[in-house]
Amino acid sequence: MEPGNESSMDTTEARLATLLAQAGSRWDERTGAVSMPVYRSSTFRHPGLGQSTGFDYSRTANPTRSVLEETLALAEGGRAARAFAFASGLAAIDTVLRLFEPGDRIVATEDLYGGTFRLFERMFRRYGIETVYADTADLSAVAAALADRRVQAVFLEVPSNPLLNVADIAAIVGLAAPRGILTIVDNTFLTFCRQRPLDLGADLVVYSATKYLGGHDDVVAGAVITRRADLAERVAFLQNGVGAILGPDDSWLLLRGLKTLPLRLARQEASAEALALWLLRQPRVGRVCYPGLTRHPGHEVLKRQSRGFGAMLAFEVADPARIPDILAGVRVFMFAESLGGVESLITFPAVQTHADVDPAVRDRLGISNRLLRLSVGIEDPEDLRQDLERVLQ
Ligand SMILES: Cc1ncc(COP(=O)(O)O)c(C=O)c1O
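Cut-offs used in this document
Residues numbered from 1 in each chain as written. Predicted model: local features only at pLDDT ≥ 70, side-chain atom pairs only at ≥ 80, totals over all residues. Heavy atoms only, no water. Pairing = 2+ DSSP bridges. Helix = DSSP H or I, 4+ residues; strand = E, 2+ residues; numbered from the N terminus. Contact = heavy atoms within 4.5 Å. Axes fitted to C-alpha atoms, helices over the stretch in contact; angles between N-to-C directions. Buried < 20%, exposed > 50% of the residue type's maximum accessible area, 1.4 Å probe, protein only. Domains from an automatic or database assignment. Buried area = accessible area lost by both parts, 1.4 Å probe. Salt bridge = Lys/Arg side-chain N within 4 Å of Asp/Glu carboxyl O. Polar contact = N/O pair within 3.5 Å; in protein donor to acceptor, adjacent residues only side chain to side chain. Left-handed = near helix turned anticlockwise from the far one by under 90°. Nonpolar A, V, L, I, M, F, W, Y, C, P; charged D, E, K, R; others polar. Near = heavy atom within 4 Å. Areas by Shrake-Rupley, 256 points an atom, 1.4 Å probe, with all protein chains shown as cover.

**Looking at the sheet that holds strand E11 (residues 345–347)**
Okay, step 1: The mixed open sheet is built from five strands, whose spatial order is E8-E9-E12-E11-E10. Looking at the sheet topology across the chains shown, the edges are occupied by strand E8 (285–289) and strand E10 (334–335).
Okay, step 2: Relative to strand E9 (residues 312–317), E8 is paired through three bridges, and the arrangement is antiparallel. Paired with valine 288 across the strands is phenylalanine 315, a residue of E9.
Okay, step 3: Contacts between helix H9 (residues 261–280) and the sheet are confined to E8, E9 and strand E12 (371–375), with E9 contributing the most and set at about 15 degrees to the helix.

Below, the structure is given as structure tokens:
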């Protein structure tokens, strides 16, 4: 079997694992290099006037980045897709937002990652691109927000950050597409190993590849993927025209990370589920947000649209005065601001990832001063549980 020849609809978990494990391994015919070489060259010799090897200047295309982009495209959307790698997740989202014009309106998930919110509010609003926020887990709220004729796009984080609310992607596409409204999905939390927004009708997928795709907390990167040739052409133009590209060394790190993504995610997901079930039984813990729990409001939708529930969870501690001690006291979890890596991290969203969100809005959404977010890594699950048990007592 030649990996990656299938459309994403019939890319089984095993085939995806083959595609990812061998990403870049057959590119260099001359030497047979199994690990994709890093092409640290900004420019490329032309064979003659008007001739090109396919690579001219690395902002436009670089071999290491191209192999990464081809891998991401196949994994997310099959052969019809194209992917573009950027210097960060926010650079990827910034590029997508440049598809819009002054006067356009975007409807976005209300509990978005704070950096994406800051991009919408502090950068793009100045240029006349206005974002309105809705509870995208509530279809009637989305329908009401889309009724405005200025709306050109709906931007979803599925599940959302940090509360893990779940938007029904196919149902929202059903509302948006007939009116020519684009559906853009930030798939950072679940990745194509679990959720395929393009198969559900979404037009564009964006990533912070810094998270699960890289997986080792050693690279900051982003990606945009689409199956629509018209959008791919416009994103390619912007990627080259604006230049927020991923460099060759970082492209290689991301390629290496991708090789183990299915293994990492499966392990992380199993540990996250076990921790969520354990946290539910702890007297010093209030609400537990994990979409794999049957009581989670997004459970049924995610069961339909994803092959798993991911490895992110959030929980409230009964006594918020304990939070400084919990954050200072963890020995296996690390108090740090990211997610998706092999190392488990604990985050205090109200003062870290969501500091840019208005405090009144945070309160209304439930991003309270008692909420902690866990990114569960690949450590021994019992070490993780004991670490939480110790700091909660
Ligand atoms: C869901 C989500 N999208 C986008 C971003 C931004 O990505 P980056 O930090 O790679 O710029 C983040 C960062 O935490 C995120 O969590």
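**What to know about the environment of proline 248**
Okay, step 1: Relative to the helices and strands, proline 248 is located in helix H8 (residues 248–259).
Okay, step 2: Sequence separation of proline 248 and serine 42 is 206 residues, and the distance between their C-alpha atoms is 9.5 Å.
Okay, step 3: Ignoring anything within four residues of it in the chain, the contact list for proline 248 reads Val38, Tyr39, Arg40, Asn62 and Thr64.

**A look at helix H4 (residues 114–123)**
Okay, step 1: Turning to H4, its buried residues number three or more, namely Gly114, Gly115, Thr116, Phe117, Leu119 and Phe120.
Okay, step 2: Next to the buried residues of H4 lie helix H3 (89–97), strand E2 (105–109), strand E3 (130–134) and strand E4 (151–157).

**Comments concerning the environment of alanine 177**
Okay, step 1: For alanine 177, the position within the fold is in the loop between helix H6 (169–176) and strand E5 (182–186).
Okay, step 2: The exposure class assigned to alanine 177 is partly exposed, which follows from its relative accessible area of 46%.
Okay, step 3: As a C-alpha pair, alanine 177 and alanine 153 span 24 residues in sequence and 9.6 Å in three-dimensional space.

**Concerning the domain arrangement of the chain**
Okay, step 1: We note that the domain assignment places domain 1 (8–259) and domain 2 (261–392) within the chain.
Okay, step 2: Using only C-alpha atoms to locate each centre, domain 1 and domain 2 end up separated by 25 Å.
Okay, step 3: Between domain 1 and domain 2, the residue contacts involve 45 residues of the former and 43 residues of the latter.
Okay, step 4: On the domain 1 side of the interface with domain 2, the three residues burying the most area are Leu163, Arg194 and Tyr212, jointly 23% of the side's total.
Okay, step 5: Taken together, domain 1 and domain 2 are joined by three salt bridges.
Okay, step 6: For arginine 364, the salt bridge identified is with glutamate 110, shortest N-O distance 3.3 Å.
Okay, step 7: Where domain 1 touches domain 2, the interface holds 17 residue pairs in polar contact (both at pLDDT 80 or more).
Okay, step 8: Put simply, the parts of the chain that give the side of domain 1 that touches domain 2 at least two residues each are helix H1 (13–21), H4, H6 and H8.

**Some remarks on the packing of H3 against H4**
Okay, step 1: Their axes nearest at 11 Å, the elements H3 and H4 cross at an angle of 35 degrees. Seen from above, H3 lies across H4 with right-handed handedness. On the side of H3, the interface is formed by Leu90, Ile93, Asp94 and Leu97, while H4 contributes Gly115, Thr116, Arg118, Leu119 and Phe120.
Okay, step 2: A class-by-class count of the residues in the contact of H3 with H4 yields five nonpolar, two polar and two charged.

**Side note on the environment of alanine 350**
Okay, step 1: The topology assignment puts alanine 350 in the loop between E11 and helix H12 (359–365).
Okay, step 2: Taking the relative accessible area as the measure of exposure, alanine 350 reaches 10% and is therefore buried.
Okay, step 3: C-alpha of alanine 350 to C-alpha of serine 208: the two residues are 142 residues apart in sequence and 20 Å apart in space.
Okay, step 4: With residues near it in sequence (within four places) discarded, alanine 350 still touches Ala355, Arg362, Ile367 and Ser368.

**Some details on the site of the ligand**
Okay, step 1: The environment of the ligand is formed by 14 residues, the closest being Gly89, Asp186, Ser208, Thr210 and Lys211.
Okay, step 2: With respect to the ligand, the backbone of leucine 90 contributes an N or O atom lying 2.9 Å from an oxygen atom.
Okay, step 3: Between the ligand and serine 208 there is a distance of 2.8 Å, counted from an oxygen atom to a side-chain nitrogen or oxygen.
Okay, step 4: For the ligand, the accessible surface in isolation is 390 Å², of which the surrounding protein chains cover 91%.
Okay, step 5: Of the residues belonging to the shell around the ligand, the class tally is five nonpolar, six polar and three charged.

**Concerning the sheet that holds strand E6 (residues 204–208)**
Okay, step 1: One open sheet holds the seven strands; their spatial order is E1-E7-E6-E5-E4-E2-E3, and the pairing between them is mixed. The sheet terminates laterally at strand E1 (82–86) and E3, the two strands that pair on one side only. Within this sheet the neighbouring strands show an average axis-to-axis angle of 20 degrees, counted without direction.
Okay, step 2: In this sheet, strand E7 (residues 222–226) lies alongside E6 in antiparallel orientation, the contact comprising five bridges. In the strand pairing of E7, leucine 204 is matched with threonine 226.
Okay, step 3: Strands E1, E2, E4, E5, E6 and E7 of the sheet are contacted by H3, whose axis makes an angle of about 155 degrees with E6.
Okay, step 4: This element, helix H5 (residues 139–146), spans E2, E3 and E4 of the sheet and lies at about 155 degrees to E4.

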